[in-house]
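Next come the chains, spelled out residue by residue.
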Amino acid sequence: MKLKYALPLGLLLSGNTLAFDAEFGGFFKAAVKTSDGTLNFANFYSGNPGVNGSDNTKTQFSAQESRFNATVTAGEVKGFVEIDFVGSAQGNTYNTNSYSPRIRHAYIDYKGWTAGQTWSTMVNPSSYPESTNLGGGLVGEAFVRQGLVRYTHGNWQFAMENPSTEGQCIDVNNKLVSCSKANDAIPDMVVRHNIKGNWGNLSAAALVRSLEPMNSSEIAVGGSIAGKINVFEKDDVRFQLHYGHLGRYVGAGAAYDIYGKEVETTSGGMIAYRHFWTENLRTTAFYSHIITEEQNADRRHMAVNLFTNMTRELVLGAEIGRFEVNDDNNSFNTEANAPANGESNYVQLSMQFFF
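Since we're looking at a predicted model, the values are computed, not measured. (Residues numbered from 1 in each chain as written. Predicted model: local features only at pLDDT ≥ 70, side-chain atom pairs only at ≥ 80, totals over all residues. Heavy atoms only, no water.)

Caption draft 1: View of a nonpolar patch on the surface. On the surface, a nonpolar cluster with roughly 710 Å² of combined accessible area is contributed by Trp 113, Val 149, Met 160, Ile 186, Met 189, Val 208, Ile 219 and Val 221. With respect to the helices and strands, Val 221 occurs in strand S14 (residues 218-230). (Patch = residues over 30% accessible without salt bridge, like charges linked within 9 Å, V, L, I, M, F, W, Y side chains within 5 Å. Areas by Shrake-Rupley, 256 points an atom, 1.4 Å probe, with all protein chains shown as cover. Salt bridge = Lys/Arg side-chain N within 4 Å of Asp/Glu carboxyl O. Helix = DSSP H or I, 4+ residues; strand = E, 2+ residues; numbered from the N terminus.)

Right under this line is the structure:
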């Protein structure tokens, strides 16, 4: 939906007006999910669903992922804002389900500069697979939105991004405690190079940041490669590969920045193949996996789905998948009866109306 406005600025500039274009979009999403296994139930699987320890089966209906956005353009200046209702602590499933909105994106673009909150420069959104699970196989994907300042010049991007240490350090009693974020003073730095053509796109990104494990200071470095490659007719392959001191940037909660006495090292990735059976009927199969060296986290997500367009705007989806947690080599998982392994199978249906 596109609208054009002209607002008077007589109080500021006599006789002049400010003209801008406004475009509104988003989607309404209804979903239902049934899962069975030893992981905690979640409307969508992130990198750390939590192990319940006992087998459970649960079904839940939700519309939290419905999304609204607005783009406002005035000359060379563009502003974008987007909200949804995921992760709200306000709602409950007992009666009202009154979930509050949250900001996903809110940023300004001007002559190659981007300032505000949006996808980290480490993220290539085109590489996410089509899935009923929000973001697909998040456990092996770069998935961070945050405040940043980014400059784009041709195929190169240079960014300073919000620092935020997420760690579990060892205290004097040799137990894990949350690491302080009080010393997050130096912005995270990201450099990225993009290549694109009729064949698809490819991006390579490097992350450099300052972390402080055990009262020391260390320069942490990591890298990612991601892309979408077109094959055959309308089919495509989407992938991400990650390695290094990436911490919270990869896995959507599966990896810490610091664990124990060391900066965490992460290996992870995701691969997906989408095949079109007809013009409107398509299937995506994906596999996502992450391994960390210090925490010894080993988690994976695999799924296959079927999507079809009932109309140009209305999409139905069905997906079956499995999420596995295999963290039994974690030497700090010493709490009594604390399970380190678990898995759940799920079936999820969705209906999305795009506007």
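Caption draft 2: Summary view of the pattern of salt bridges. For the coordinates displayed, the defined rule picks out 18 salt bridges. Taking the shortest distance from any N to any O, the salt bridge between Asp 84 and Arg 102 comes out at 2.5 Å. Of this pair, Asp 84 sits in strand S5 (residues 77-84) while Arg 102 sits in strand S6 (residues 102-110), and the two are 18 residues apart along the sequence. In this structure Asp 84 comes out as buried when scored by relative accessible area, which is 0%. Taking the relative accessible area as the measure of exposure, Arg 102 reaches 28% and is therefore partly exposed. As a salt-bridge pair, Arg 104 and Asp 84 come within 3.9 Å of each other at their nearest N and O atoms. With a gap of 20 residues between them, Arg 104 in strand S6 and Asp 84 in strand S5 connect regions that are remote in the sequence. Neither residue differs from the other here; Arg 104 and Asp 84 are each classed as buried. (Buried < 20%, exposed > 50% of the residue type's maximum accessible area, 1.4 Å probe, protein only.)

Caption draft 3: View of the sheet that holds strand S11 (residues 176-178). Spatial strand order, S11-S10-S16-S17: 4 strands in an open sheet with mixed pairing. Single-partner strands in this sheet number two, and they are S11 and strand S17 (262-263). With 3 bridges connecting them, strand S10 (residues 167-170) and S11 associate as antiparallel partners. Among the inter-strand pairings, Ile 170 is bridged to a residue of S11, identified as Leu 176. (Pairing = 2+ DSSP bridges.)

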